[in-house]
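# Topology and contacts: notes
One letter stands for each residue in the lines below.
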Amino acid sequence: MHSSTTNVPMVKIQVNGQEVEVKEGSTIIEAFYQNKIDIAHYCWHPGLSVAGVCRLCMVEIEGNPRLQIACNTTVTPGMKVSNVSEKVKDAVKWGLDFHLINHPLDCPICDQAGECGLQDQYMKYGRNDSKMGEAKVKKHKVVDLGPRVVLDSERCILCSRCVRFCDEVPKTSELGIFNRGDRAEVGTFDGKPLTNKYSTNVVDICPVGALTSRDFRFRQRVWFLKDKETICTGCSTGCNVKAYYNKEGVFRVKPVYNAAVNGHWMCDDGRDVYKFVNRENRLIDAKIVSGGKTEHMQPMELAKRLGATLKVRASVALVLTGSHSVEEYEAIVSYFKNDVGTTQIYHWINNPDMIDSFDGILIRGDKNPNTKGLIEVLAKNGISTQWKSLTDAIGTGAVKTVVVAGPENQALFPDMKVKISELSKAAKLVWMTAGKNSELESLAGDVALLPLKTYVEKPGTFVNHAGLRQKTQAVTSIVPGALSLAEAVQLFRGEDLLAKQTPEGDKPNEIGKGRVDNEFTLTRGVW
Amino acid sequence: MAEVKYLSEHYLKPEYRSLDGYKKHGGYEMLAKALKMEPQKIIDEVKASGLRGRGGAGFSTGMKWGFLPNNGEPRYLLCNADESEPGTFKDRVMMEKAPHQLIEGMLIAAFAVKSHKAYIYIRGEYMGPAAILEQAITEAKAAGLIGKNILGSGFDCDLDLYLGAGAYICGEETGLISSLEGYKGQPKLKPPFPAVQGYLKKPTIVNNVETLAAVVNIIRDGGQGYRKYGTEKSAGTKLFSISGNVNKPGTYEVPLGYKMIDLINIECGGLKPGRKLKAVVPGGSSAPVLTAEEAERATLDYECLAGMGSMLGSGAIIVIDDSNCMVDVLSTITHFYHHESCGQCTPCREGTGWIEKIIHSIIHGHAKPGDVDMLLKIADNMKGRTICALSDAAALPVLSFVTKFRDEFEYFIKEKKSKVRGGQIYAQLHH
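Small disclaimer: the values here were computed from a predicted structure and weren't measured. Just so you know, the residues in each chain are numbered from 1, in the order the chain's sequence is written. The naming scheme follows written order: chains are lettered A onward, ligands numbered 1 onward. At least 70 in pLDDT is required for a residue's local features to be given in this predicted model, at least 80 for side-chain atom pairs to be given and counted, and no such filter applies to totals for whole chains, interfaces and linings, which use all residues. Each side-chain value is derived from all of the structure's non-hydrogen atoms; neither hydrogens nor water enter the calculation.

## A few points about the overall build of chain B
Only DSSP runs of H or I reaching four residues or more are called helices, and only runs of E reaching two or more are called strands; each is numbered from the N terminus. Counting its regular elements, chain B contains 18 helices and eleven strands. Based on C-alpha atoms, the radius of gyration is set beside the globule rule, defined as 2.2 Å times the residue count to the power 0.38. On C-alpha atoms alone, chain B measures out to a radius of gyration of 22 Å, which is about the 22 Å that the 2.2 N^0.38 rule sets for 431 residues. Projected onto its principal axes, the C-alpha coordinates of chain B cover approximately 75 × 45 × 35 Å. Each residue gets one of three labels from its accessible area relative to the maximum for its type: buried under 20%, exposed over 50%, partly exposed in between, using a 1.4 Å probe on protein chains only. Across the 431 residues that make up chain B, the buried fraction comes to 63%. Counting only contacts in chain B whose residues sit at least 6 apart along the sequence, the fraction spanning at least 24 positions is 70%. Only the protein chains shown count as cover for residues, with accessible areas throughout obtained via the Shrake-Rupley method and a probe of 1.4 Å. Carbon and sulfur atoms provide 54% of the accessible area of chain B, an area that totals close to 15,800 Å². Think of it this way: Lys and Arg go in the positive column, Asp and Glu in the negative one, and His and the chain ends go nowhere. Working definition for charges: the position is that of NZ of Lys, CZ of Arg, CG of Asp or CD of Glu. The distance from the centre of the 51 positive side-chain charges to the centre of the 49 negative ones in chain B is 2 Å. Any pair of residues with heavy atoms lying within 4.5 Å of one another is described as a contacting pair.

This is the structure:
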């Protein structure tokens, strides 16, 4: 989003004695941020309008006797700005004091502790004992704002970020600040709870522990979590996210800024996507059911055995979903086309009715991260099939073995049940998937089940709705034996997997290491 | 020169309230005159008159009008009748006694700034004056003085009354605009200033009742003629609201530059027998307090009071005699600002409450010796740090009371009782 992308003229100003360049018309705080210079602030957020109410981003401008707020002052060429002078430091210290006098300081039981704007900025700009001996203001606690967000008004510093978010992004305006002065509280209007599809963003942008996510609260202290960037696989938008995990699994995802994809935000549906990757929802067991006999084995071993039996030419069909990466599609399509020798490769479209729908913000009806990637690989291999010819071929016995790869997140496949009953009519069914499914696991015929990795356990490339290719990395390991499609193909071919690297998640958790902090202290993080 | 009847010439005549009565005394003749002038000429006359905003800030009215951009956008004229500064009640008198004077002034001003829509924003508690104004507006509309083609001039201007819900902060011009727009009455971040982006994001002028009424006199006497009263920098007359320990409190019109002590002793009949002047709040509760000695020297104009570190403000003079405890008086003031802070900006939201709590501790005998300095530090850090001036308005009385009457605060903390009136004060009864 920065300077070089457009032709807006640049302006040179001096920040703390250092010369920096910013776009003409920028505010002083943008100059600080774009040049990664720390500045105290609460209410300003790069994705929202300017409120100018926390009064923390005070700067001294040469020639101006009064301190100004950096968020509402536009830069002028040659301007000399400082936020390190004693005058500013004192003002910021007092600004923090004002924020803290009625704050409950219940950090030990607060979910935000460890990633809190008050804590971080207190350590950086405050570090003084409380000066107020009087009683603190009492306000409402554990207020249900909506199904996903809980409010603690005493912790709230009334920065109005959440209110502005609802006004400006989903434009649903559920939140308002009620009452005046130090009795003011964030709240919802009667009978209109916070139900917009983007509501959890207010938890992310809340600088303190006032707004907490009902899903995440009290489940993990943030300093026991590591995070890595990946993308959201909930729909074809491909929002950039950070997954927060430890050896127990993934606990939450938060959006990562990407101007070309999701800006600062992500939707609430995307927040729930992580749940299917955790162990309790996963297919753990590789097994073959044949002639009434069930045999359990390691996934690798099953894959090798399947490879030997799959080359029955022509009577084998492959079903793919839009859940996997381009690399995996290339591997498996090439294997079926060249090694197995079939072009009976089918694209399972999970919700054809709404595939082109879009809510105007981020949510798209195509609930797959890589439909474009799959279509691209199929086209490259000259494969073009209709679903109906598969069911017909199963009916006539022309297809005897059906191999299904996916879906990764069954929650996004409303037709899962229908497809199981359709495909299980084939003489032999090989189903490779990441999630557990009681119907699949209880199929009686000739069935093989192979557990796959999820998007957090493997690297890959995803092509979003706009054709943007996004590379992801392996975040952690959750089901150790599970395979990626590419690995499964290697094993089908009878090759050995390369010496398997232990993903980071298998190592003892190094607390706090690599954690990218919140936006408030740039020396420790990025925005 | 003593009390004058310049703006308030006919205020004591009951018929002046009606359109007919107002016209009998020359009403709306100045509107007719103005409508034949060039709008710019009116602005020039107002500039030449030296008229300064009578609401409190004292900004040059002619200059304010000149800030409107000439981009053909619709613009609005708003009359600030929120009169909420404690101690001020002169606008109420003007609206009750001479509603048509305000309407005439507004129509002239609207013509000068080329606005076709004007509103009077009146505070929620002023239901009486609002009814009188409503009646006057209805009369003026019926007489073709408001609406299309006023007095055959081709100039259209609509004018309506809007009753607020009663909030100090809605007297701040951007708070007033928010409230008029239907939002919570909270000041807006500046820039942009209302002259560029005000009501409904259009150029807007906000003037006080008395300022707009004075425009009628400026049209009658010309800019130079208006200067027959007052001083070079504080031209004209002003209505002062005098309350507190004087024998004849009320609203008095005197020329700017008049001696404060004369107003107290001559017009207001002095103090109660046996009482001595202790302090005077010269311009509404937010104006820094003057000691008796300063009050003796003070003249009622912008420059003298500014020179004493205080301000003329809205012209609300609160006279405090030696029977009052300054801790008690400050307690009332701080309670008010704590109650009225809109809560947007942190220093004001938290600071006003903190200050009130400390004063409360002093009054109830559990304050610490360092609390006097703490009051000063809090107030000092609230000053100039917020969107609007409410934070300053809350901080300035604290700074001036504590600095000038520090002994009373220290005595109270040490002895756990007031230095005056046998130690018993009102605030102890109420809180």
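## Section: the overall build of chain A
Scanning chain A from N- to C-terminus turns up 13 helices and 22 strands. Scored against the burial criterion, the 527 residues of chain A give a buried share of 58%. Restricting to contacts in chain A with at least 6 residues of sequence separation, those with at least 24 account for 66%. As displayed, chain A offers around 21,700 Å² of accessible surface, 53% of which is attributable to carbon and sulfur atoms. Each charge sign in chain A was given a centre, from 67 positive and 62 negative side chains, and these centres are 1 Å apart.

## What to know about the domain arrangement of chain B
Accessible area lost when the parts come together is the quantity often used to give the size of an interface. Residues and elements named next belong to chain B. Along its sequence, chain B is organised into domain 1 (14-226), domain 2 (237-321) and domain 3 (326-430). Here the C-alpha centroids of domain 1 and domain 2 sit 27 Å apart. Counting residues at the interface gives 17 residues for domain 1, matched by 19 residues for domain 2. Here the quantity called buried area is the total loss of accessible area, with a 1.4 Å probe, experienced by two parts when brought into contact, counted for both. Across the interface of domain 1 and domain 2, roughly 1,300 Å² is buried in total on both sides, 53% from carbon and sulfur atoms. Domain ranges listed in this record stem from an automatic or a database domain assignment.

## Quick look at the sheet that holds strand E3 (residues 58-61) of chain A
Residue and element names in this part refer to chain A. When DSSP finds two or more bridges between a pair of strands, those strands are recorded as paired. Taken together, five strands build an open sheet; the order of strands is E2-E1-E5-E3-E4 and the sheet is mixed. Since the sheet does not close on itself, it has two edges, and those belong to strand E2 (18-23) and strand E4 (68-69), each with one partner. Note that strand E1 (residues 10-15) and E2 share six bridges and pair antiparallel. Of the residues in E2, the one forming a bridge with Ile 13 is Val 20. Every axis corresponds to a line fitted to the C-alpha atoms, with the helix fit spanning only the stretch in contact, and the corresponding angles, defined between N-to-C directions, vary from 0 to 180 degrees. Its contacts with the sheet put helix H2 (residues 86-100) on E3 and strand E5 (80-82), and the angle it makes with E3 is roughly 160°.

## Notes on the pattern of salt bridges
All names here are of chain A. When a carboxyl oxygen of Asp or Glu is within 4 Å of a side-chain nitrogen of Lys or Arg, the pair counts as a salt bridge. A full pass over the atoms with the stated rule returns 59 salt bridges over all chains. Note that Glu 408 and Lys 458 form a salt bridge whose closest N and O atoms lie 3.2 Å from each other. Remark: Lys 458 occurs in the loop between strand E20 (446-451) and strand E21 (460-463) and Glu 408 occurs in the loop between strand E18 (401-405) and helix H11 (416-423); sequence separation between them is 50 residues. According to the relative accessible area criterion, Lys 458 is buried, its value standing at 4%.

## Some remarks on the interface of chain A and chain B
Facing the 34 residues of chain A at the interface are 35 residues of chain B. When the two sides are added together, the surface that chain A and chain B hide from each other amounts to roughly 2,800 Å², 53% of it contributed by carbon and sulfur. Of the charged contacts in the structure, one is a salt bridge between A:Arg180 and B:Glu340, with a shortest N-O distance of 3.1 Å. Whenever two N or O atoms come within 3.5 Å, that pair is a polar contact, provided that in protein one can donate a hydrogen and the other can accept it, and provided that, for residues adjacent in sequence, both atoms are side-chain atoms. Counting across the chain A and chain B interface gives 20 residue pairs in polar contact (both at pLDDT 80 or more). Elements with a contribution of two residues or more to the side of chain A that touches chain B: H2 and strand E8 (175-178) of chain A. With five residues, the single largest contributor to the side of chain A that touches chain B is H2(A).

## Here we look at unusual backbone geometry
Residues and elements named next belong to chain A. Here the residue pair Gly 406 and Pro 407 is connected by a cis peptide bond, since its omega of -10° sits within 30 degrees of zero. Secondary-structure assignment places Pro 407 in the loop between E18 and H11. Even without a glycine there, the phi angle at Lys 36 is positive, about 55°. The partly exposed category is assigned to Lys 36, whose relative accessible area is 45%.

## A short note on the sheet that holds strand E3 (residues 158-163) of chain B
Residue and element names in this part refer to chain B. If you walk across this open sheet you meet the four strands as E3-E2-E1-E4, and the pairing is parallel. Each end of this open sheet is capped by a strand with a single partner; those strands are E3 and strand E4 (204-208). The average angle at which neighbouring strand axes cross in this sheet is 20°, direction not considered. Where strand E1 (residues 76-81) lies against strand E2 (residues 117-122), six bridges are found, and the strand directions are parallel.

## Considering helix H14 (residues 346-363) of chain B
Residue and element names in this part refer to chain B. Expected span of a helix: the number of residues minus one, times 1.5 Å. Between its first and last C-alpha atoms H14 spans 26 Å; for 18 residues at 1.5 Å apiece the expected length is 26 Å, and the two agree. Within H14, 17 of the 18 residues are buried, which leaves the element mostly enclosed by the surrounding structure. Where H14 terminates, the next one or two residues include Gly 365, which has phi positive at roughly 75°.

## With respect to the side chain of B:Gln101
Residue and element names in this part refer to chain B. Structurally, Gln 101 is set in helix H6 (residues 99-113). Overall, the relative accessible area of 3% leaves Gln 101 in the buried class. For Gln 101, the side chain forms a polar contact with the main-chain oxygen of Leu 7, separated by 3.1 Å.

## Remarks on a nonpolar patch on the surface
The patch calculation keeps residues exceeding 30% relative accessible area without a salt bridge and links them within 9 Å when they carry like charges or within 5 Å when they are nonpolar (Val, Leu, Ile, Met, Phe, Trp, Tyr). A cluster of nonpolar side chains, namely B:Phe59, B:Met63 and B:Phe67, defines an oily patch on the protein surface of about 290 Å² accessible area. Examined against the element boundaries, B:Met63 turns out to sit in helix H4 (residues 61-66).

## Comments concerning the side chain of A:Ser26
Residues and elements named next belong to chain A. In this structure, Ser 26 sits in the loop between E2 and helix H1 (28-34). Given the relative accessible area of 6%, Ser 26 is considered buried. For Ser 26, the side chain forms a polar contact with the main-chain oxygen of Lys 23, separated by 2.6 Å. With residues up to four places along the chain from it excluded, the contact list for Ser 26 reads Thr 73, Thr 74 and Val 75.

## Re helix H7 (residues 127-142) of chain B
Residue and element names in this part refer to chain B. Between its terminal C-alpha atoms H7 stretches 22 Å, which fits the 22 Å expected from 16 residues at 1.5 Å a residue. All of the buried residues in H7 are Pro 129, Ala 130, Ile 132, Leu 133, Ala 136, Ile 137 and Ala 140. Projection of H7 onto a plane perpendicular to its axis shows the buried side chains occupying an angular sector of 160°, all on one side. Away from its buried face by more than 90 degrees, H7 exposes Met 127 and Ala 142. Each element contacted by the buried residues of H7 is listed here: helix H5 (90-97), H6, E2 and E3. Gly 144 sits one or two residues past H7 and shows a positive phi near 75°. Each direction from the helix axis to a C-beta atom contributes to the arc, which is the arc of those directions.

## Describing the domain arrangement of chain A
Residue and element names in this part refer to chain A. If you check the domain split of chain A, you get domain 1 (3-99), domain 2 (130-220) and domain 3 (282-470 + 478-506). Domain 2 puts four residues into the contact, and the matching count from domain 3 is four residues. Buried surface at the junction of domain 2 and domain 3, both sides included, amounts to about 300 Å², of which 74% is carbon and sulfur. It is Val 169, Lys 197 and Tyr 198 in domain 2 that bury the most area against domain 3; as a group they hold 94% of the surface buried on that side. In this structure, the connection of domain 2 to domain 3 is made through zero salt bridges. The interface formed by domain 2 and domain 3 includes three residue pairs in polar contact (both at pLDDT 80 or more).

## What to know about the state of the cysteines
The definition used for a disulfide is geometric: two cysteine sulfur atoms within 2.5 Å. Going through the model one piece at a time under the given rule, you end up with zero disulfides over all chains. Here A:Cys267 stays free of any disulfide, with the sulfur of A:Cys235 as its closest cysteine sulfur at 6.2 Å. Judged by its relative accessible area of 11%, A:Cys267 is buried. Lacking any disulfide linkage, B:Cys79 is separated from the closest cysteine sulfur, that of B:Cys157, by 12 Å.

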